[in-house]
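# Close look at the chain arrangement
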Amino acid sequence: MSVLVLTLAVSAACCVGFGFVLQQNAAQQAPLSDFLSPRLLLDLMRVPRWLGGMALMVAGMVLGAVALGRGEVSLVEPLLATNLLFALALSRRQTRQPLGRQGWVGLALLAGGVTAFIVAGQPRAGSAVTNPLRHWLIIGAMVGLALLLTTYAKRSRLSWGPVLLALAAGTLYGVQDALTRVSGQRFSAGGWTEVLTGWQPYGVLVLGVTGLILVQSAFETAPLRMSLPALTAAQPLAGIACGVGFLGDRLRTDTGALAWEAAGLAAVVAGIVLLGLHPAMPCGAAVAEPARDLQPH
């Protein structure tokens, strides 16, 4: 594994994790009438803390894009999932909660799962699938899943809505990462002309804005511990599916390797859930209103 790719991916995770905490601190104060509306972004743009969180998130996305341009999606995505460690670190500073057994176990599962998946799978580049039908089937399935989750979130109460929105956003972000890599490959092949004549960069923009609205709506209506685990778990799973599905990423497929890869991903998800539910994660204002309806008024 390239040290440069490792450094870029972990730096991206750090920026994104810190950015998520700052964004949620601000978004929980936004009017509930902005739920799932572009107006939410316009209102939040007036809040300095949210702008700071967005600046960190953009920096993380840029670093992540560079990492994706130099490494396989199946390698970079698990590393990006460590953003939860940095989010927990900042949240602990705000809440002054000790890490405790839950935190240490979650940290060990997340770090160990990422390591197990990468060591067992040995992600490497292969030949990208040229059949556009396969591209659109996989991307369509991911976008369709995100749409279904969002639809159910609009009908749900506080207990499930934010989780479903975060899952939808994470799925879209995973597809966005895959298209970012394709855009990087087109840039290497023919510069900006090659990039701007393809649909992928515009897909990256649309998915990014849509995912941002979903994430901020989840942050607005519930504590970070409800939304961030789902977001962090869904993104690498969707990204790996795209990487293996049509970008040509190759993983070891012998029985032992597959077992360790599956165990690694399961440990990553378990670690994410444990860390996301840690008491150090900020509760947010929404906890004080458990009966609050997610639907716009």
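Here goes a summary of the coordinates provided. (Residues numbered from 1 in each chain as written. Predicted model: local features only at pLDDT ≥ 70, side-chain atom pairs only at ≥ 80, totals over all residues. Heavy atoms only, no water.)

## Side note on the overall build of the protein
Each helix and strand in the protein was counted, giving 11 helices and zero strands. Ordered by position from the N terminus, the helices and strands of the protein form the series α-α-α-α-α-α-α-α-α-α-α. In terms of overall size, the protein behaves like a compact globule, its C-alpha atoms giving a radius of gyration of 18 Å where 297 residues would be expected to give roughly 19 Å. Principal-axis analysis of the C-alpha atoms gives the protein an extent of 50 × 45 × 30 Å. At a minimum sequence separation of 6, the contacts of the protein that also span at least 24 residues come to 87%. Carbon and sulfur atoms form 67% of the exposed surface of the protein, whose accessible area is close to 13,200 Å². Separation of charge centres in the protein, based on 19 positive and 12 negative side chains, amounts to 5 Å. (Helix = DSSP H or I, 4+ residues; strand = E, 2+ residues; numbered from the N terminus. Rg over C-alpha atoms; globule rule 2.2 N^0.38 Å. Contact = heavy atoms within 4.5 Å. Areas by Shrake-Rupley, 256 points an atom, 1.4 Å probe, with all protein chains shown as cover. Lys, Arg positive; Asp, Glu negative; His and termini not counted. Charge placed at Lys NZ, Arg CZ, Asp CG, Glu CD.)

## Considering empty space enclosed by the protein
Following the criterion strictly, the structure yields two cavities of 30 Å³ or more and no others. One number sums up the size of the largest cavity: a volume of about 50 Å³. Taken together, Phe20, Glu77, Leu80, Ala81, Asn83, Leu231, Thr232, Gln235 and Pro236 make up the full set of residues lining the largest cavity. Looking at the lining of the largest cavity, the element that brings in the most residues is helix 10 (residues 224-245), giving four residues. Of the pockets and cavities examined, the second largest cavity occupies roughly 30 Å³. (1 Å grid on protein atoms, 1.4 Å probe; cavity = no way out; pocket = protein on both sides within 12 Å on 5 of 7 lines; lining within 4 Å. Points joined across faces, edges and corners; volume = space filled by probe spheres on them.)

## Some remarks on the packing of aromatic side chains
Counted under the stated rule, the structure contains four aromatic pairs. Aromatic pair Phe18 and Phe86: ring centres 6.2 Å apart, planes at 90°, arrangement edge-to-face. Taken together, the residues Phe18 in helix 1 (residues 3-27) and Phe86 in helix 5 (residues 83-95) connect sequence positions 68 residues apart. The class for Phe86 is partly exposed, based on a relative accessible area of 22%. (Phe/Tyr/Trp six-rings, centres within 6.5 Å; stacked < 30°, edge-to-face > 60°. Buried < 20%, exposed > 50% of the residue type's maximum accessible area, 1.4 Å probe, protein only.)

## Let's talk about the state of the cysteines
Any covalent bond linking the sulfur atoms of two cysteines counts as a disulfide. Taken as a whole and assessed by the stated rule, the structure comprises zero disulfides. Cys14 provides the cysteine sulfur closest to Cys15, a residue in no disulfide bond, and the two sulfurs are 5.5 Å apart. Cys15 sits in the buried class, given a relative accessible area of 16%. (Disulfide = S-S within 2.5 Å.)

## Looking at the side chain of Gln176
Relative to the helices and strands, Gln176 resides in helix 8 (residues 161-196). Residues within four places of Gln176 in sequence aside, it is in contact with Met61, Val204, Leu207 and Gly208.

## A look at the environment of Val163
Among the secondary structure elements, Val163 is positioned in helix 8. Assessed through its relative accessible area of 18%, Val163 is described here as buried. With 62 residues separating them along the chain, Val163 and Arg225 place their C-alpha atoms 9.6 Å apart. Leaving out residues up to four positions away in the same chain, Val163 has contacts with Met226 and Ala230.

## Regarding a nonpolar patch on the surface
Taken together, the side chains of Phe187, Trp192, Leu196 and Tyr202 make up a nonpolar region of the molecular surface, amounting to roughly 470 Å² of accessible area. Here the nonpolar patch takes three residues from helix 8, the largest share from any one element. Among the structural elements, Tyr202 can be located in helix 9 (residues 200-221). Overall, Tyr202 belongs to the partly exposed group, its relative accessible area being 44%. (Patch = residues over 30% accessible without salt bridge, like charges linked within 9 Å, V, L, I, M, F, W, Y side chains within 5 Å. Salt bridge = Lys/Arg side-chain N within 4 Å of Asp/Glu carboxyl O.)

## Topic: helix 5
Helix length check: helix 5 (13 residues) gives 18 Å between terminal C-alpha atoms against 18 Å at 1.5 Å per residue, within 8%. Burial in helix 5 covers these residues: Asn83, Leu84, Ala87, Leu88, Leu90 and Ser91. Tucked into the core, helix 5 has its buried residues touching helix 1, helix 4 (73-80), helix 10 and helix 11 (255-276). Residue Arg96 follows helix 5 closely and has a positive phi angle near 60°. (Expected span 1.5 Å × (residues − 1).)

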